[in-house]
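Close look at the chain arrangement
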Amino acid sequence: MRLHVAGPKDVWAGLIYIAFGGLMFWGALGYRLGTAGRMGPGYFPRVLAVILVAIGVVALVRGLIVRGERIDGIAWKPLALILASSVLFGLLLERAGLVVALVALVLVSASASKEFRFDPKAVAGLVALIGFCVAAFVKGLGVPMPILGTWLEPLAVLAP
Amino acid sequence: MDILTNLAIGFSTALSLTNLAYCFVGVFLGTAVGVLPGLGVPATVAMLLPATFALPPVSALIMLAGIFYGAQYGGSTTSILVNLPGETSSVITALDGHQMARQGKAGRALATAAIASFFAGTVCTLLMAMFAPPLGAMALEFGPAEYFSLMVLGLVASIVLASGSILHALGMVVIGLLLGLVGTDVNSGAQRYSLGIAELTDGINFVVIAMGMFGLGEIVANLETADTRELMIKKVSGLWPTREDWRRIRAPILRGTLLGSVLGLLPGGGAALASFGAYALEKKVSRNRAEFGHGAIEGVAAPEAANNAGAQMSFVPMLTLGIPSNPVMALMIGAMVIQGIQPGPGVMTEQPTLFWGVVVSMWIGNLMLLVLNLPLIGLWVKMISVPYHLLYPTILVFCAIGVFSLSNTTFDVQLMVLFGLVGYVLKKLGCEPAPMLLGFILGPMMEEYLRRALLLSMGDPTTLITSPISAVMLALAAILLVLVLLPSFGSTRREAFQDE
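Owing to the predicted nature of the structure, the values given are computational and were not obtained by experimental measurement.

Conventions used here
- Residues numbered from 1 in each chain as written.
- Chains lettered and ligands numbered in written order.
- Predicted model: local features only at pLDDT ≥ 70, side-chain atom pairs only at ≥ 80, totals over all residues.
- Heavy atoms only, no water.
- Domains from an automatic or database assignment.
- Phe/Tyr/Trp six-rings, centres within 6.5 Å; stacked < 30°, edge-to-face > 60°.
- Core = buried A, V, L, I, M, F, W, Y, C linked by side-chain atoms within 4.5 Å.
- Buried < 20%, exposed > 50% of the residue type's maximum accessible area, 1.4 Å probe, protein only.
- Contact = heavy atoms within 4.5 Å.
- Buried area = accessible area lost by both parts, 1.4 Å probe.
- Salt bridge = Lys/Arg side-chain N within 4 Å of Asp/Glu carboxyl O.
- Polar contact = N/O pair within 3.5 Å; in protein donor to acceptor, adjacent residues only side chain to side chain.
- Helix = DSSP H or I, 4+ residues; strand = E, 2+ residues; numbered from the N terminus.
- Nonpolar A, V, L, I, M, F, W, Y, C, P; charged D, E, K, R; others polar.
- Disulfide = S-S within 2.5 Å.
- Patch = residues over 30% accessible without salt bridge, like charges linked within 9 Å, V, L, I, M, F, W, Y side chains within 5 Å.
- Areas by Shrake-Rupley, 256 points an atom, 1.4 Å probe, with all protein chains shown as cover.
- Expected span 1.5 Å × (residues − 1).
- Axes fitted to C-alpha atoms, helices over the stretch in contact; angles between N-to-C directions.
- Parallel < 35°, antiparallel > 145°, perpendicular 65-115°, else oblique.
- Left-handed = near helix turned anticlockwise from the far one by under 90°.

This paragraph deals with the domain arrangement of chain A. Taken as a whole, chain A is organised into domain 1 (8-65) and domain 2 (76-158). In this structure, domain 1 of chain A and domain 2 of chain A have C-alpha centres spaced 40 Å apart.

By the definition in use, this model includes 14 aromatic pairs over all chains. Each residue in the set A:F132, A:F137 and B:F398 is aromatic and connected to the rest through ring pairs, giving one cluster.

A:F89 and B:F315 are the most contacted members of the largest nonpolar core, which has 203 residues in total. Split by domain, the residues of this core number at least three in each of domain 1 (8-65) and domain 2 (76-158) of chain A. Counting six residues, the second-largest nonpolar core is a separate cluster that includes B:L273, B:A274, B:A302 and B:A306.

What follows covers the interface of chain B and chain A. Note on interface size: it is often stated as the accessible area lost on association of the parts. The interface is formed by 56 residues belonging to chain B together with 62 residues belonging to chain A. Both faces combined, the contact of chain B with chain A buries some 5100 Å², and carbon together with sulfur accounts for 79% of it. Along the contact surface separating chain B from chain A lie zero salt bridges. Scanning the region where chain B abuts chain A turns up eleven residue pairs in polar contact (both at pLDDT 80 or more). Put simply, the parts of the chain that give the side of chain B that touches chain A at least two residues each are helix 8 (166-179), strand 2 (191-192), helix 9 (206-224), helix 18 (388-407), helix 19 (410-428) and helix 20 (433-456) of chain B. With eleven residues, helix 18 of chain B is the single largest residue contributor to the side of chain B that touches chain A. Among the residues making up the side of chain B that touches chain A, the classes are represented as 35 nonpolar, 14 polar and seven charged.

Turning next to the state of the cysteines. Applying the stated criterion across every chain, the model contains zero disulfides over all chains. Note on B:C23: no disulfide assigned, nearest cysteine sulfur contributed by B:C124 at a separation of 16 Å. We note that B:C399 lacks a disulfide partner, and the nearest cysteine sulfur, in A:C133, lies 12 Å from it.

On to a nonpolar patch on the surface. Taken together, the side chains of A:V57, A:V61, A:L64, A:I65 and A:V66 make up a nonpolar region of the molecular surface, amounting to roughly 440 Å² of accessible area. In this structure, A:V66 sits in the loop between helix 2 (43-65) and helix 3 (76-95).

Another point: helix 19 of chain B. Look at helix 19 of chain B: 28 Å from first C-alpha to last across 19 residues, which is about the 27 Å you get at 1.5 Å a residue. At the N-terminal end of helix 19 of chain B, a side-chain oxygen is found 2.9 Å from the backbone nitrogen of B:F411, two or three residues along, and the residue is B:T409.

A few words now on the environment of B:M336. Residues and elements named next belong to chain B. On the secondary structure map, M336 appears in helix 14 (residues 327-338). M336 gets classed as buried once you look at its relative accessible area, which sits at 0%. Sequence-wise, M336 and L319 are 17 residues apart; in three dimensions their C-alpha atoms are separated by 9.9 Å. The contacts of M336, once residues within four sequence positions are left out, are L61, M318, L319, I341, P343 and V347.

Residue and element names in this part refer to chain B. Assignment of secondary structure puts T409 in the loop between helix 18 and helix 19. Here F411 takes part through its backbone nitrogen, which lies 2.9 Å from a polar atom of the side chain of T409. Setting aside its immediate chain neighbours within four residues, T409 contacts E199 and F404.

What follows deals with the packing of helix 1 (residues 2-14) of chain B against helix 6 (residues 106-140) of chain B. All names here are of chain B. Between helix 1 and helix 6, whose axes approach to 10 Å, the crossing angle comes to 115°. When the axis of helix 1 is compared with that of helix 6, the two are roughly perpendicular. For the pair helix 1 and helix 6, the sense of crossing is right-handed. From helix 1, I3, N6 and L7 reach across to helix 6, where they touch L126, A129, M130 and P133. Of the residues belonging to the contact of helix 1 with helix 6, the class tally is six nonpolar, one polar and no charged.

So this is what it looks like as structure tokens:
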């Protein structure tokens, strides 16, 4: 079933404001309110959450009444691949190490583009990029990223 | 004279060998990343920010300012050579600049942009030296109530002057304010919204939000549209304007600089509004009106002078009042806080070397841009020619490593992904990320000032309107909001942003 609304952008944005505002208000209930003169940690968030819900209601009502733009198509494939590649990087960095995490990040994200071809040139570029990152960030700037992670530590004995 | 003493302090700081080096590195990196198509100025600054955290405060801010100018200038270069501006402020430059490039005058267009920017930068350094001290002195009189109202005014003005829906900008500001509260409450020590996650006890790092919403978000948005760039020029020659060009650009540069300086001071002003205004003005007053849109050199000179003037003057409210007028200034404030500097009028009086060093380094940075970028144009052309499908995985790598290095935790990487997703979805619904970032930066400060103001007044909220300064600022904010909601002004505003 498809509901027809006048301004879908406003309706969705309004619902998001109401949901987020509601959630933050609910969360703030756990913090001491205090008084206006002696505000507790729960005072400001509650005020803001109420304002946000109010803005959400206005947006929702406007979306139901006033004709607005349609929502453009969402590029699901690039969105999913870009986000997934970064999640993978985060998951792999400490476990498998920087090298593996970068390979995953680059290959998964690159597959989001139609033009990308996995050819020798791409491999060379990837190797160069990984080499640069290891040299510049790990060796140069001292960012504490394991080059080989805990999973691959047994391999470290093979290294010179 | 005071101005001369101040500038002397500034020169002695900015001309130290280390600071000159950091200024150069900033300008160079900023331009290099800024010329890359599809990467806006806020994303560029956010991406390079972690590189400055290890530096001492003065050098870090000098380098950041350099990155900012470089990125802006790089954006103009790209919009002249390829008709694909990454940033709203260079959209205008693309109109005539790209036409000039098509006619084989790319070199002259680039030189004009550089000269106009440098002239504007010089004038603005002097203007800053003259106007920052009185503004800062005035702000020293402010109490918590005045500060709170100033921030309300700043946020409202930035919403009104930015493009897009007012209602959604307001919504995004409030979301930002709420997200700014995550972490330990400075007053009570209570944990708020940290969900028991250790990484959230210090709050969300602003770089994580900026990289997620600007960096990741822009990559996905760029992948939606096919790569249709056409690089006009493989080799740029004829880098010096002719005598006729000089005659034609003198007045537009002057007008652009003046307009940009004024608009840059306004919250929400800054570069984009300034360049748009200057172009519109030139189109009205120029004798070569007919040429506009077909490669008029005035159409490059005026907006470039204005956007540089606007960009530089937007530092004034940031440095003297601690109010960010655009997302880049919000990032600067975030960087200052990380460096342990409390943004506000105290910066000028307590750390004159920092304040004046940064001001003067802006002029030096502009000089470097002028001297370096014209010879380096071949390098920039090469960078622009890198196809996007090779570029964006690399950008992603730097974003991921940069975010990880903030506090050496992969939690921040996942959080960046979350903000990338949220930012993309919200943008599809017509909600821009910029106001959210402003709200996020100002959230904790606003809470603190409101809390102090109401503590002093024993909980009486009328303190916000009984203080005359505070009342005036709140009234201005209210008037601005009402004006925008009036149909007639609303439509003018829509028209003004139509061309962007």
